[in-house]
Each structure stands twice: as structure tokens, then as C-alpha cells.
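Analysis of the macromolecular model
Here is what each chain is made of, one letter per residue.
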Amino acid sequence: MKSTRRAVLMGLATAAAPFVATRSWARGPAPFRFALTPVFLDNDAAVISALRAALAEGMGQDIELVQRRTYQEISGALLDGSVDAAWTCGYPYLQHKTELSLLGVPVWRGRPLYQSYLIVAKDDPATALSDLRGGTHAFSDPDSNSGFLVTASDLARDGQTPDQFFSRVIFTYGHRNVVRSVAGGLTRSGSVDGYVWEALSSAEPDLTARTKVIVRSEWLGFPPMVARADRMDEPSVMACKAALLGLSATAQGTEALKLLSLDAIEPGEDALFDGIAARIAVLSGG
Amino acid sequence: MRPLPRFRNLPVTLRVPLVMAGLMILLGFLASQSVLSALGKVQDARLSETARLHVEGLSVALGPSVLRQDVWEVYDILDRARSAYDGQRLLLSIVADERGRILAATDPRRAPVGEEVAGFEVGAVPPDAVRMTGDPVLRVAAPLLFQGRQIGQIVTELDVTDLLAERRNVSMWLLFGNAAATALLAFGGWLAVAKILRPVGALVSAMDDSQGAPRPIAESDIPRGDPGLSRLISTYNRMTAAVESRAEAERRLAERERFVSLGRLSSSLAHEVNNPLGGLLNAADTILSYSDRPEVVRQSAELMQRGLSHLRDVTRAILDENRLDRVGQALRPEDLEDLKLLFEPEVASRAQRLHWNVEAGLAGLKGLPAAPVRQIVLNLLLNAGAAAGQHGQVGLDVTAGEGQFLIEITDTGPGLGQADLGRLLASGPLPPGGGVGLRLVHDLVSQLEGEIQHDRVGDKTYVRVTLPLKDASHA
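All of these numbers come straight from a predicted model, not from anything done at the bench.

1. Here we look at the overall build of chain B
- Scanning chain B from N- to C-terminus turns up 10 helices and nine strands.
- Per-residue burial for chain B yields a buried fraction of 25% across its 475 residues.
- Intrachain contacts of chain B at a sequence separation of at least 6 include 65% that bridge at least 24 residues.

Below is the structure:
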């Protein structure tokens, strides 16, 4: 009898197994969707997979990293809920200040701050923005702080717009592309994220060696990780925040931060972005 | 036109290998041309394929970006396509919009955004028509098609330095290879032909070395393995023997000629001897009859002395003409006097007038051998005498000066016929019939390196013989 009961149980288990498997595949918890722009994570599969692994470990759940071409697309996706959190830029964060909240701000070289660089080709005699009048210029993204807002607000202070000041303006949708554009001679100058330029100078010294920095902006708030303000209490968003802030405490997190040339991610505060806000004011006021 | 005769003058052992080498070079040249042409076709096809794939690939990738006039996207695609393309074939790719303004190029410094693309289209051809022209950089231009319509243009510069170098290398290898093969084969050919033609060379040198008297080739040198050649050489040897025997016959004939000329003189000389004999006998009778009258005896004795000394002179002249031991002796004025003595009876017998003028003294005759000059003068005089006929005129003028010895014989005969002139003036074969006297004159004058001229003025025939006078020490 005993053996019969076991046989029946085995039979039941066997019959149930496909059902269980199908259930978990169909109805398992949806992965957390975290959006990135290729603005500074350009074509680097190693960085993306390390970050994904570290976040997934920290959150204890599957995570999907979603890449979009522009900040505008990221902002739209965040607001309509198609992504749960995003690593964006201070400028779009401030543009949607009321709808978004900070998850964390990366710490680079000891501070949650970075600069915007104005770059030209290595042999270019220009030393200031005013020397670049009538040339061609590469911006990164119209919603990028370092890759647009800084240069545009500097011009706005003089009552000019980029289209008036430069003979031609192009958007490359990537800080690395701005460096390529200037290094390759497609444009005379470019506005680039200082953090990206510095990271590239170690990763691709041949590329940055063909450019030089002629103007560095003041220190501004580092591009933050954000989520929709009304979803901050959701467990997955809270888990994400915790995972981000705890990255420097785990081996995988440290590895990912190292690949990103970052020290840690700290909670951050809105005051970090006052400099950017001031520039937005100049641009809209001008 | 000059090198051809020179080439003909080359020995056959050199000419045949040269001709062979020439043909080898021609063959090598034709073979090289066909290899290079095949290589050129392969290279052209490769180039054309490269250009076509490049343009087609770019058209597909660039279409939407060009439509949007997105400078960065176009540049990004061109730049990534360039770095993905192995090799350095594509020097520059330019993409222009439909108005012909540059949207982007792989080298924006050379082709800045917004400039006219027309400047880069100079000399550009469609991808299918691209050919190696010898230029290291070739330009290809093609319309940029998207969804079936032209939205712009693509201009590409192809670097074909490597293909040119490949072509040059192949050319050099062909050149050196063919040159070496040709040299080797020409040398081998020369050896083989030289071996085959060695008997011919021997034949040629035997004919050349002989100075007019062909030398036979030794039996041991006749190649028995080559029937044609051995027959040729045997024929040549028989010919040399025939030539030699002919020369021997001519020599004997010339030897006899002296006797012939004396023979022609014999009847007049017989008179010359006979005439004084009557006078001498009369004188002897007178002495016998008037032995007591000393003045008559003396007169008769003087008469006999004169007649006998004349006979002695005549016989001495005849003897001198025949003496073989005088061969090689120098000419003296007495030799000409002897000739006059011998010839005068001939003149007398025909009642001819003789003009005899010898101006050359002993000094003027220096270096001339006696025997041939006597033979020349005597033969010409006998000929002139015979030609002048009864009551005619015969003349001899001998002068010397300025290194020349000039003999001029004149007669009032009807002139020399064509056959006689042929004998006297030319070296050609003797026409059949007729004597050998004039030919002997010609040969003797040739031996003395002199010249014969013939002239006919009015009713007079002039034959002038000019002999060069050599240094006396040679005589």
C-alpha cells in the first residue's frame, strides 16, 4: 500500500509540474524597469550588464535596463509609467521637478558634482566660447545640462541663441559622439559632459587626445537617479533606492561603480541642482 | 636602314641565336601582356565590386538619415562603416543631399558640411565603370537611392596604391623572369646552333682566309653525321680543286704567252735576221774579191761589223725576252730599247709609222719589275700593230713622275671590240674564243696595283697604263 500511495503522489507531482512551471512563467512578478540614456553609457555592454547584475542583487528581483535615445523619451517613459525609475540628467529632473523625486545622486571624485566642458580640436587656436562664433557646434541633447544648457545659457547671457552664434548646430545624442564629432572634424566645437570626457580619456585616450578642453563650467549637480514622486512609496521603488544607495557596500555594486568611474551613490538633495536651475532661469529669462 | 646590313654581316652562328632571342622576347612580351591584361580585368572586377557593395550598403544604411538631413547620423554611419571596413581601400566617402550639398564625409576637414559636392565629382565614374587608370586614387560617384527615388549622392575615393603595386610587382617579375628565361634559352640556342653550324663556320673561314684562292677543308673536319652538310663541304672541296687547277692552267698560259708574243714576232724577226745576212755575204764577197785594197776591206769589215752587231742586238733582245732568270729584276731603259728593236721589224713589215717616245730615265723606272712591264708593253704594242694594219700609225709614250709610271699606246686601228675591252678592263670570266694576251695585260697591271684606261679620240685608240712607283728600296 505504501508503495501505491507513493506512486500516486509521484503521479500527481508529475502531472502538476508543467502547470506550476507555466504559472511561474506567466504570472511571475514583472521585472523592475530602469531606464538609461546612452548619453554617457554609450555602447558599453560590460557597464550595463554589471550595473544590471548589481541592482538585481541589491533589489532581490529581476531588473530590466531600458535604453532610450533622448532624455525626452526617458522623461516621457517615466511620466507615463512605462519605466519605473531612470538615470537622467539634472536639467530634465528640474523640468519635471513636481512629478519626479530623487532616488540618489552619484558621487564622482568625492563629490556629487560635475562640470560641462567646451571642447575643440587639438590644433584649434580658440580659447573661449566667443572665439567659436560662426563655427559649427555639436550638442549632445537639447535636454542635457552639460551637453546643451550650459553653453546655451552662456550664449543667452550675451543675448544670443546657438543657432545665431554658430553657423550650424547638430545634436549627436551622446557625449561620446560629441567628442567624436569634434575629434573627426565634423564640427569645430562641442559641449560635453566633463565626467564622460574624463572617463573617455582613460578608456579611449586616442579619441580625447584629438580634442582639448577650452572652457570648464562651474561645478553642477551630477545627473541623478529619479522616480515618479507619487510612486516613491512603492516597495519596488524603495527597494531600488536602497539598492542604489547600497551599491558601494556590495562586491558587484563596487565592480559596477568602478566600471562607471564612480565612488558611490548618495541620497542627494535638491539644493545640488541650484546651479542648473539658475542656468534654466537665464535661458528662459533671456 | 643602317643596322640591317650590319646584322646581315654578322656570322650566322650569332644571327640565328639573335633571331631566336628576338622571338623569345616577343613571345615573353605577348605572354606578359596577356597576364597583365588578365590581372587588370581581375583588379577592375574587384574594384568595381568593392565600389558597388560600398555604395549599395551605404544607400541602405543612410537612406532615412539623408531624408531627415541628419548630419550626425550620416557622419556616424560613415565613420562606423569606415572603421569596420578592413584595409585602407576607402579613402574618403562623401554623402550629399539632392541639391548637391555635402551632408557629411568620413573626413569632414576635406569635405566640410554644407559645401558643394561638385568639386569632388571631377573625374568620378559610376561603380560599374571603375577601372584601373594608373592613378593611385580613383573616384566613384553614385546616386543615393531610397525607396526607389534619388535622395542624394555618394562620392567615394578609392585608394588603389596596393593594386598598382601588385601590378608593378607582377610586371617586374614577368620582366625579370622573361629576361632570365630568354637569356638562358638564347644562350642555350647559341651553344646548340654554334655546334650545329661549326662546319659552316669552318667553310666560311676557309673561303674568307684564302685571299681569292679557296682552301679545302680537311677530311677530318667534314661532319659525317650530317649528309647535307658533308655533301656541301665535299662539293666545296672539289670546287677548290677545280679553282686551283684553273689557276694553274692560267699561270701556264701566261707563261706561254711570252713565247706566243715571240711567235707573233718570228716572221718579222726572221726577216730582220735574214736581211742583214745578204749584206754580210756581199761584204764577205767584196773582201774576198778586193783583199788587196785595204780601204775596201776596211769599209766591208765595218759594214759587216755593223750588220753583226745589229744581229747580236736582235738575238740578245730575243734571248732577254725568254730568259727566266731575269724574273724579279728591275726595269732599265735598255729593256724599252730592246722592245723597240723587237717591234720595229713588225712595223716595217706593215709599212707603218712608229712614234716612239720614252721620257722616263733610269730614275723614273725605280721599283718596277722588268719582266711584267716588258710583257705589258710588248703585248699592247703587238695588239696595236695588228690593229693599225698596213700604213697605219703606232705610238708609244712612256713618262714618269709624281710616283707614277705612265705608258700610253696609240694606234690608228678601228678600235677595240667589246670582247677585247672585256679582256683588258674587267676581271670577269673570259669570253670563249680569242687570245689571252689582253687578259694577261689586265692581270699583270692588277698585280702591280696599276690602272688601265681606254679611250677613243677621233680615229685613234688610246690605251693608258698607270703604274704606281714604289720606293726604290723595295725593288
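So much for the structure itself; the text now carries on.
2. Digging into the overall build of chain A
- A tally of helices and strands in chain A yields 12 helices and 13 strands.
- Within chain A, the fraction of its 286 residues that count as buried is 43%.

3. Quick word on the interface of chain A and chain B
- With 11 residues of chain A in contact, the opposing surface of chain B contributes 11 residues.
- Residue contributions to the side of chain A that touches chain B peak at four residues, all from helix 7 (residues 175-184) of chain A.
- Across the side of chain A that touches chain B, the residue classes tally to three nonpolar, six polar and two charged.

4. Quick look at the confidence of the model for chain A
All names here are of chain A.
- A residue-level look at chain A finds 87% of positions with pLDDT of 70 or above and a mean pLDDT of 86.
- Within chain A, helix 1 (residues 2-27) has the poorest average pLDDT of any element, 42, and strand 6 (residues 116-121) the best, 95.
- Across residues 1-27 the pLDDT falls below 50, and counting only partners more than four positions away or on other chains, this stretch makes zero contacts in the model.

5. As for the sheet that holds strand 2 (residues 63-67) of chain A
Residue and element names in this part refer to chain A.
- Spatially, the six strands line up as an open sheet ordered 2-1-3-12-4-13, and their pairing is mixed. Every interior strand has two partners, whereas the edge strands, strand 2 and strand 13 (264-266), have only one. When the angles between neighbouring strand axes are averaged without regard to direction, this sheet yields 25°.
- The sheet contact formed by strand 4 (residues 100-107) and strand 13 spans three bridges and is antiparallel. Bridging across to strand 13, P106 finds its partner in I265.
- Packed on one face of the sheet, helix 2 (residues 45-59) meets strand 1 (32-36) and strand 2 and runs near 145° to strand 2.

6. Re the packing of helix 2 of chain A against helix 11 (residues 251-259) of chain A
Residue and element names in this part refer to chain A.
- In contact at an axis separation of 8 Å, helix 2 and helix 11 are set at 150° when each is read in the N-to-C sense. For the element pair helix 2 / helix 11, the angle class is roughly antiparallel. At the point where helix 2 passes helix 11, the crossing takes the left-handed sense. Across the interface between the two elements, A46, V47, A50, L51, A53, A54, E57 and G58 from helix 2 touch Q252, G253, E255, A256 and L259 from helix 11.
- Taken together, the residues of the contact of helix 2 with helix 11 break down into eight nonpolar, three polar and two charged.

7. Describing the environment of T250(A)
All names here are of chain A.
- Following the sequence through the fold, T250 ends up in the loop between helix 10 (235-245) and helix 11.
- Put simply, T250 and G58 are 192 residues apart on the chain and 8.1 Å apart in space, counted from C-alpha to C-alpha.
- In contact with T250, not counting residues within four places along its chain, are A54, E57 and G58.

8. So, the pairing of strand 12 (residues 225-228) of chain A
- Here strand 3 (residues 85-87) of chain A pairs with strand 12 of chain A via three bridges, running antiparallel. Paired with A86(A) across the bridge in strand 12 of chain A is V226(A).

9. Some thoughts on the sheet that holds strand 6 of chain A
All names here are of chain A.
- Read from one edge of the open sheet, five strands run 8-7-9-6-10, paired in mixed fashion. Edge strands, defined here as strands with exactly one partner in the open sheet, are strand 8 (168-171) and strand 10 (211-216). Within this sheet the neighbouring strands show an average axis-to-axis angle of 30°, counted without direction.
- In terms of strand pairing, strand 7 (residues 136-139) meets strand 8 through four bridges, oriented parallel.

10. Concerning the environment of R131(B)
All names here are of chain B.
- Positionally, R131 belongs in the loop between strand 2 (102-105) and strand 3 (137-146).
- Looking at R131, the number of C-beta atoms within 10 Å reads 12, which means it is exposed.
- Taking the C-alpha atoms as reference points, R131 and R46, separated by 85 residues in sequence, lie 9.8 Å from one another.

11. Considerations on the nonpolar core
- The biggest cluster of nonpolar side chains holds 102 residues, and the ones touching the most others in it are V74(B), V95(B) and A104(B).
- For A104(B), the contacting residues outside a window of four places in its chain are L186(A), V71(B), V74(B), Y75(B), L78(B), V95(B) and V113(B).
- Residues L265(B), L339(B), V394(B) and F405(B) belong to the second largest nonpolar core, which totals 38 residues.

12. Quick look at the environment of L155(A)
- Tracing the chain through its elements places L155(A) in helix 5 (residues 145-157).
- Ignoring any residue separated from it by four or fewer positions in sequence, one finds L155(A) in contact with Q160(A), T161(A), P162(A) and F165(A).

13. Some remarks on helix 8 (residues 370-388) of chain B
- Between its first and last C-alpha, helix 8 of chain B extends 26 Å over 19 residues, near the 27 Å set by a 1.5 Å rise per residue.
- Within two residues after helix 8 of chain B, G389(B) carries a phi angle of roughly 70°, on the positive side.

14. Some words on the packing of helix 9 (residues 418-425) of chain B against helix 10 (residues 437-447) of chain B
All names here are of chain B.
- In contact at an axis separation of 6 Å, helix 9 and helix 10 are set at 30° when each is read in the N-to-C sense. With respect to helix 10, the element helix 9 is oriented roughly parallel. Here helix 9 contributes D420, R423, L424 and L425 to the contact with helix 10, which in turn contributes L438, R439, V441 and H442.
- A breakdown of the residues in the contact of helix 9 with helix 10 according to their chemical character gives four nonpolar, one polar and three charged.

15. Comments concerning unusual backbone geometry
- In this structure, R109(A) takes a positive phi of about 55° despite not being glycine.
- Inspection of the secondary structure assignment puts R109(A) in the loop between strand 4 and strand 5 (113-114).
- Judged by the 11 C-beta atoms lying within 10 Å of it, R109(A) is exposed.
- Located in the positive-phi region is E449(B), a residue other than glycine, with phi close to 60°.

Calculation rules
- Residues numbered from 1 in each chain as written.
- Chains lettered and ligands numbered in written order.
- Predicted model: local features only at pLDDT ≥ 70, side-chain atom pairs only at ≥ 80, totals over all residues.
- Helix = DSSP H or I, 4+ residues; strand = E, 2+ residues; numbered from the N terminus.
- Buried ≥ 20, exposed ≤ 12 C-beta atoms within 10 Å, placed from the backbone.
- Contact = placed C-beta atoms within 7 Å.
- Nonpolar A, V, L, I, M, F, W, Y, C, P; charged D, E, K, R; others polar.
- pLDDT = per-residue confidence, 0-100.
- Pairing = 2+ DSSP bridges.
- Axes fitted to C-alpha atoms, helices over the stretch in contact; angles between N-to-C directions.
- Parallel < 35°, antiparallel > 145°, perpendicular 65-115°, else oblique.
- Left-handed = near helix turned anticlockwise from the far one by under 90°.
- Core = buried A, V, L, I, M, F, W, Y, C linked by C-beta atoms within 7 Å.
- Expected span 1.5 Å × (residues − 1).

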